[in-house]
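Spelled out, the chains give:
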Amino acid sequence: MNDDLRNIVLGVVATAVSGGFGWFSRTFLWRRALRRKQALFGLPAGSDCLFVVNRKPDADAWSVHRNDAFALLEISALIKDCGATLQLVSHDEVRQGIGERTEFCVGGPSSNTRTVAHLSSMLPGVRIGTFEEPEPDRLAIHVGTEIYRYDKGQAEHVLLARLTTGPGTRPVFLISGQTAISNQAGARYLARNHRELARKYRGDSFCIVLKVTNSDAYGPDVAELVADVTGPARTPAAAAV
């Protein structure tokens, strides 16, 4: 074998080895990211989960606000990536306990009775005002001693929580916004920031408050983290005083 042929063979081998190593590295990183995503959402391949939809508060008949439907689309892409399937259920038709299947529950207590149950059992330090309450407590989110008020179109808040009842159980993701557009903002924040949330909380429960700024102009895109309220939210209000 002459030197030219030897160099060609060595070049081909080096290219093959380099390409194989690159493919292996990309596959390894992709699989690791997938496992972390599946662990955060409690969605191993082949599993199924619930998406609990709320009722549009000002509608006479049962219907879902279009922004809440958009929230479903934000979440469904994550579920598909995990290799899981989705079951869509109305908030007043859910008949299962916590931890059996991963659950995504969207909407505040005015439109979603399942949210009321989750707040009562797992976030006793949180109180969310309803549409019927007078100003300034209408739709306000109370966590411990902090109050996050509603300013239509200017400052709207959403409570985003991952809740579990113990090791090995499937989580509940609660997205309880003051408006439908803040619900969508919460779902979008979860979809865009799930890697950071997984690194920070490592599978533990968490509860954060997001602020949606100037939704009349920017829609659900401008959502910022206001506070991590995991401790106060899980502490009964009487004990927090």
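See above for the structure.
Residues numbered from 1 in each chain as written. Predicted model: local features only at pLDDT ≥ 70, side-chain atom pairs only at ≥ 80, totals over all residues. Heavy atoms only, no water.

Q: Is there a simple way to think about the sheet that holds strand β6 (residues 146–148) in this case?
A: Whenever strands of a sheet pair, they do so through backbone hydrogen bonds, lying parallel or antiparallel. Strand order in the open sheet formed by three strands is β4-β5-β6, with antiparallel pairing between adjacent strands. Of all strands in the sheet, those bounded by a partner on one side alone are β4 (126–128) and β6. Along the sheet, successive strands turn relative to each other by an average axial angle of 15°, direction set aside. Where β4 and strand β5 (residues 141–143) come together, three bridges link them in antiparallel fashion. Each bridged residue has a counterpart across the sheet, and for Val126 the counterpart in β5 is Val143. (Pairing = 2+ DSSP bridges. Helix = DSSP H or I, 4+ residues; strand = E, 2+ residues; numbered from the N terminus. Axes fitted to C-alpha atoms, helices over the stretch in contact; angles between N-to-C directions.)

Q: Would you explain the sheet that holds strand β8 (residues 172–177) in this entry?
A: With mixed pairing, seven strands are arranged side by side in an open sheet as β2-β1-β3-β8-β7-β9-β10. Unpaired on one side and paired on the other, β2 (85–90) and β10 (223–228) mark the two borders of the sheet. Along the sheet, successive strands turn relative to each other by an average axial angle of 20°, direction set aside. Relative to β8, strand β3 (residues 102–106) is paired through four bridges, and the arrangement is parallel. Residue Cys105 lies in a different strand from β8, and its bridge partner there is Leu174. Sheet contacts for helix α2 (residues 66–81): β1 (48–53), β2, β3 and β8; angle to β2, the most-contacted strand, approximately 155°. Helix α4 (residues 180–201) contacts β3, β7 (155–163), β8, β9 (206–213) and β10 of the sheet and is inclined by roughly 135° relative to β9. (Contact = heavy atoms within 4.5 Å.)

Q: Would you mind going over the environment of Gly125 with me for this structure?
A: Turning to its location among the elements, Gly125 is positioned in the loop between α3 (113–122) and β4. Assessed through its relative accessible area of 7%, Gly125 is described here as buried. In sequence terms Gly125 and Thr145 are 20 residues apart; their C-alpha atoms lie 9.4 Å from each other. (Buried < 20%, exposed > 50% of the residue type's maximum accessible area, 1.4 Å probe, protein only.)

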